[in-house]
Amino acid sequence: MSFKRHIPNFVTLLNLFSGCIAVIFAVNGNFIVAAIFVFLGVFFDFFDGLLARKLNVQSPLGIQLDSLADLVTSGVVPGIIMFKLISLTIDAPDYSAYTDSWNSIFHWQGFKMSVLPLIGLFITLASAYRLAKFNIDEDQQSYFKGLPVPANTLVILSLPLILEYQNNDLMNSIIINKWFLIGLTLFSCYLLNSNIKLFALKFKNWGFKDNAVRYIFLLLSIVLLIVLHFAAIPLVIGLYIVLSLLTQSKI
């Protein structure tokens with residue numbers, strides 16, 4: 001029993017470990033590898049809770065550890081990525097590349113800083129606030145109040161993936177626009193801490209009647225991903241919100 005109760009926490013720590021690696025790559029501008037490790041972290045995040053329920057070893061420690069891991073993987077990483085994307089749109093200095101001398105980090109001489117990209121870090125702040133609220137809210141057992149941080153992270157991560165792999169001039173021009181990025185940042189901060197009720201992908205049974213909205217969402221999401229690839233991710237999250245709003249009375 002003592003070993004079994006540590007299994008979900010170990011998976012949660014794998015989430016955190018993946019998030020830490022993603023931070024390193026995101027800071028250095030390697031968004032693709034950062035995205036891979038975030039996706040891996042989100043995968044572990046899904047299974048730690050599932051394992052805790054299946055093994056019947058849910059605990060307050062596990063809940064707190066899960067939120068701490070999510071803050072890094074789904075809070076810090078998307079904040080850094082948005083910071084870097086906004087920096088690119090305004091030709092802000094690359095702080096990670098400042099290497100005039102081995103001890104340059106200890107001096108202000110020649111250091112330049114652009115304030116506007118810091119707005120991207122609002123995502124990290126909003127994610128931390130949302131996770132803290134979730135931990136003390138006893139109502140969110142069968143539904144979410146506000147957009148879950150992993151879902152918001154997927155939207156932010158989709159931006160560099162679309163730029164890298166979709167090769168669409170229209171989508172590129174939209175994404176590489178500082179006002180779009182700032183607007184998306186503020187909108188995501190609102191969604192994270194809104195009072196909108198969103199259904200959870202938790203199946204108490206496999207019957208279609210009790211899970212119709214979940215099956216419809218999964219089916220449409222698969223179709224969108226097949227047709228639009230990475231560009232489908234924001235649409236999938238939008239679909240998730242719309243379906244939740246249409247079924248508010250059943251959530």
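Scroll up to find the structure.
Not measured: the values here are computed from a predicted model.

### Focus: helix H8 (residues 212–228)
Logical step 1: Helix length check: H8 (17 residues) gives 24 Å between terminal C-alpha atoms against 24 Å at 1.5 Å per residue, within 8%.
Logical step 2: Looking at H8, one finds that the buried residues are Val213, Arg214, Phe217 and Ser221. The arc that holds every buried residue of H8, seen down its axis, measures 95°, which confines them to one face. Away from its buried face, by an angle of more than 90 degrees, H8 presents the exposed residues Leu219, Ile226 and Val227.

### Side note on the side chain of Ser194
Logical step 1: Along the chain, the position of Ser194 falls in the loop between helix H7 (178–192) and strand E2 (197–199).
Logical step 2: Look at Ser194 and you get buried, because its relative accessible area is 4%.
Logical step 3: A polar side-chain atom of Ser194 sits 3.4 Å from the main-chain amide nitrogen of Ile196.

### Topic: the packing of aromatic side chains
Logical step 1: This model, assessed by the stated rule, comprises 10 aromatic pairs.
Logical step 2: Seen in terms of ring centroids, Tyr165 and Phe230 are 5.7 Å apart; in terms of plane orientation they differ by 35°. Their pairing is tilted. Taken as a pair, Tyr165 in helix H5 (residues 149–165) and Phe230 in the loop between H8 and helix H9 (232–246) lie far apart in primary sequence, 65 residues in all.
Logical step 3: Judged by its relative accessible area of 27%, Phe230 falls in the partly exposed class.
Logical step 4: On the basis of an interplanar angle of 75° and a centroid distance of 5.8 Å, the ring pair of Phe199 and Phe217 is categorised as edge-to-face. Of this pair, Phe199 sits in strand E2 while Phe217 sits in helix H8, and the two are 18 residues apart along the sequence.

Cut-offs used in this document
- Residues numbered from 1 in each chain as written.
- Predicted model: local features only at pLDDT ≥ 70, side-chain atom pairs only at ≥ 80, totals over all residues.
- Heavy atoms only, no water.
- Helix = DSSP H or I, 4+ residues; strand = E, 2+ residues; numbered from the N terminus.
- Expected span 1.5 Å × (residues − 1).
- Buried < 20%, exposed > 50% of the residue type's maximum accessible area, 1.4 Å probe, protein only.
- Arc of directions from axis to C-beta.
- Polar contact = N/O pair within 3.5 Å; in protein donor to acceptor, adjacent residues only side chain to side chain.
- Phe/Tyr/Trp six-rings, centres within 6.5 Å; stacked < 30°, edge-to-face > 60°.

Read these as spatial facts, not as claims about activity.
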